[in-house]
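Each chain, letter by letter, is given below.
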Amino acid sequence: MEKDIPKQPLLFAVFATKPHRKWVISAFIFVTLASLLSGYSVVILQHLTDAIAARPIRLETIWIWGIAYPLIFLLSECIWRLSGFTGMRWFMGMRSTIYQQLYEYLSLHSKDYFSSRFAGPLTNKISNAVEGYDSLAGEVLWDFFPLVLTIIWFTLFAGFNNIWLGLTVLVWASLFIGINIWSVKKLQPYSYQSAHALSTLKGRLVDSLSNISLVQEYAHVSGEKKYIGKFIKKQYYAGLAHWWFSEWILVANGVLISFFMLFMIGSAILLFQNHIVSIGVIVMSVAIVSNLANQFFFIGQEMTNATKYYGEIKEGLSEILKIHSIVDSPNALALQFSKGEIVFDSVNFDYENTKVFKNFSLTIHPGQKIGFVGRSGAGKSTFVSLLLRHFDIQEGKITIDGQDLQDVTLESLRKIIAFVPQDTSLFHRTIRENIQYSNPDATDKEIILAAKQAQADEFIQTLPEKYDTLVGERGVKLSGGQRQRIAIARAFLKNAPILILDEATSSLDSESEHAIQHSLEELMKGRTVIAIAHRLSTLKKMDRILILKEGTIVEDGNPDDLLKKNDGIFKSMWNHQVSGFILDE
């Protein structure tokens, strides 16, 4: 079933914050108290000034207000720090929630989703979302929210002395915020474009550096520089446009703040001149102007940054939180394995407007070992992908022991299948961890036994750290044959009732392949097996060979029987290969 995560950035923020709401509430309470105390300092300055200007001078009054000013500052700072201690619990908790939820959601996308995207940029999109939300939450808690509170306090403090001063603060603050909100909305498309251009550039850099050996071997360094240069230029212009608009917002803010200073201070002086307010009110007005001017100017910059963060978040979420194409049905049940009979019943499957299977039917009996043969594009790998439900068929039905794959959970389906792919994937972890991945509860003894069965223990023992050797990214420190043996050991350890071998020995030399054939035969015993191989000799001991051509079975039978057919496709293919590969003894 589709994981219930809000796709809209603000709703997602609420979703990620909910588990930590007690810290959110505490942080906002402390910010409210701290803002009130900090704002009250302008009132203290007013009273201190009036006390100094009073005749006769009352020193005790001056001392009271003079001491009150640093005490209020100290108290407000302590409360600000309390907001920090509670806020950090909110932020760190929210970061963890976002990382967890986005990774979980991303991991449930289909194989097709990942095949058309780079892993690096997807990781960056998660990081950008986390960092963006972290920065936005900080700005809301310690910049935007305190500014609103400060405007309210200053409007009340100024209005208490004179209604016109209070209205000046309120009107100009509303005007300033309104203009900035309008500007930020205009800036938002530039922010999204800048984030998208940067994300694309990072993806191209990762792709280029991942294949740097190919770049150098084909002497294409200069061409690759030009190729990457195009994306650098796009990112340059997108970033420049965003920054250019941002600077004009700051220019407008500077002008607005200047007018605010003029009106506020001028109004206070005019009121003092007409003996309506005291000199302390002028000092308070200057303090209000000074405080708000700093906050207004930097809040404009923060709103610009917030737009940038929002653009990065939106761009990341729009890519990661796409609707899953392969999901459990609402009433999906765990697959109940009994015998291992696999049935494709009148299956129709199109991929990218190409018909792969049309009214395709096949029954694989329990414990039967099937070998698939055919040219590239014939449908062999697609057959395996449909069985693993990496794709959903358009028509027909695929069942295991009579249970429709679309009515069982993906986890239960894939747990009963051990898959050894041609392109072996290894984690940048130890050999032990890579083998154990198929059975996390396996003991060291079981891991070593699986490695021995896969003919991998011998080379593992020659490594410096043996089973604790790190294999490098995607297993780069191991040869192709060694990686494939690790994958086969992983399949031994999983001990699943259905086994899929997709060119499982393609990276092995003939001698190594011959050595591992006996182990594979042991692995296949008592299991339903589907094997894809270009080396036909590896299929010699299959119960049944299927020749696929353009998604259709054109030949089907026991390998020995097929070799007796003089005009058979399998026999013709065998004759072409017989001199190049090891035959069954």
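Everything in this summary refers to the structure shown in the same document. (Residues numbered from 1 in each chain as written. Predicted model: local features only at pLDDT ≥ 70, side-chain atom pairs only at ≥ 80, totals over all residues. Heavy atoms only, no water.)

## Points about the overall build of the protein
The condition that has to hold: Runs of H or I in DSSP of at least four residues are treated as helices and runs of E of at least two as strands, each being numbered from the N terminus. Here the radius of gyration uses the C-alpha set of atoms, whereas the globule reference equals 2.2 Å times the residue count to the power 0.38. Any two residues whose heavy atoms approach within 4.5 Å are treated as being in contact. Charge counting treats Lys and Arg as positive and Asp and Glu as negative, with His and both chain ends excluded. Just so you know, the charge point we use is NZ for Lys, CZ for Arg, CG for Asp and CD for Glu.
The helix and strand tally for the protein stands at 18 helices and ten strands. Expected size for 585 residues packed as a compact globule is a radius of gyration near 25 Å; at 35 Å, the protein overshoots this value by more than 25%. Summarising its shape, the C-alpha atoms of the protein cover approximately 125 × 50 × 45 Å along the three principal directions. Within the protein, counting contacts between residues at least 6 apart in sequence, those at least 24 apart form 77% of the total. One finds the centroid of the 56 positive side-chain charges in the protein at a distance of 4 Å from the centroid of its 56 negative side-chain charges.

## Some remarks on the sheet that holds strand S10 (residues 552-557)
Our working rule: DSSP calls a pair of strands paired once it identifies at least 2 bridges connecting them. Axis lines are fitted to C-alpha atoms, over the contacting stretch for helices. Their N-to-C directions set the angle, which ranges from 0 to 180 degrees.
Taken in spatial order, the six strands line up as S6-S7-S8-S3-S9-S10 in an open sheet, and their pairing is mixed. Single-partner strands in this sheet number two, and they are strand S6 (417-420) and S10. Sheet twist, expressed as the mean angle between neighbouring strand axes with direction ignored, is 15°. Bridge count between strand S3 (residues 369-373) and strand S8 (residues 528-532): four bridges; the pairing is parallel.

## Regarding the sheet that holds strand S5 (residues 403-404)
Through backbone hydrogen bonds, the strands of a sheet pair up, either in parallel or in antiparallel fashion. Taken together, four strands build an open sheet; the order of strands is S2-S1-S4-S5 and the sheet is antiparallel. Because the sheet does not close on itself, it has two edges, and the strands there are strand S2 (354-364) and S5. Across five bridges, the pairing between strand S1 (residues 342-351) and strand S4 (residues 395-400) is antiparallel. Bridge pairing links Asn-348 to Glu-395 in S4.

## Some remarks on helix H13 (residues 444-453)
Formally: Relative accessibility under 20% of the residue-type maximum defines a buried residue, over 50% an exposed one, and the middle range a partly exposed one, all with a 1.4 Å probe and only protein chains included. Our arc is simply the arc of the directions from the helix axis toward the C-beta atoms.
Residues Ile-447, Ala-450 and Ala-451 constitute the buried set of H13. The arc enclosing the buried residues of H13, seen along the axis, measures out at 100°, which places them on a common side. Tucked into the core, H13 has its buried residues touching helix H12 (431-436), helix H14 (457-461) and helix H15 (480-494). One or two residues past the end of H13 sits Gln-455, with phi positive at roughly 60°.

## A few points about the packing of helix H2 (residues 21-53) against helix H3 (residues 59-107)
Between two packed helices, the angle of one axis relative to the other and the distance separating the axes together describe the packing. The condition is simple: Orientation labels follow simple angle bins: below 35 degrees gives roughly parallel, above 145 gives roughly antiparallel, 65 to 115 gives roughly perpendicular, and whatever is left gives oblique. Rotating anticlockwise by less than a right angle from the far helix to the near helix defines a left-handed crossing, while the corresponding clockwise rotation defines a right-handed one. Note that Gly is not counted as nonpolar here; it falls among the polar residues with everything else outside the nonpolar set of Ala, Val, Leu, Ile, Met, Phe, Trp, Tyr, Cys and Pro and the charged set of Asp, Glu, Lys and Arg.
Closest axis-to-axis distance for the H2/H3 pair is 8 Å, and the angle between their directions is 165°. Put simply, H2 runs roughly antiparallel to H3. Two packed elements cross with a definite hand, and for H2 against H3 that hand is left-handed. When the residues that make up the contact of H2 with H3 are grouped by side-chain class, the tally is 24 nonpolar, eleven polar and one charged.

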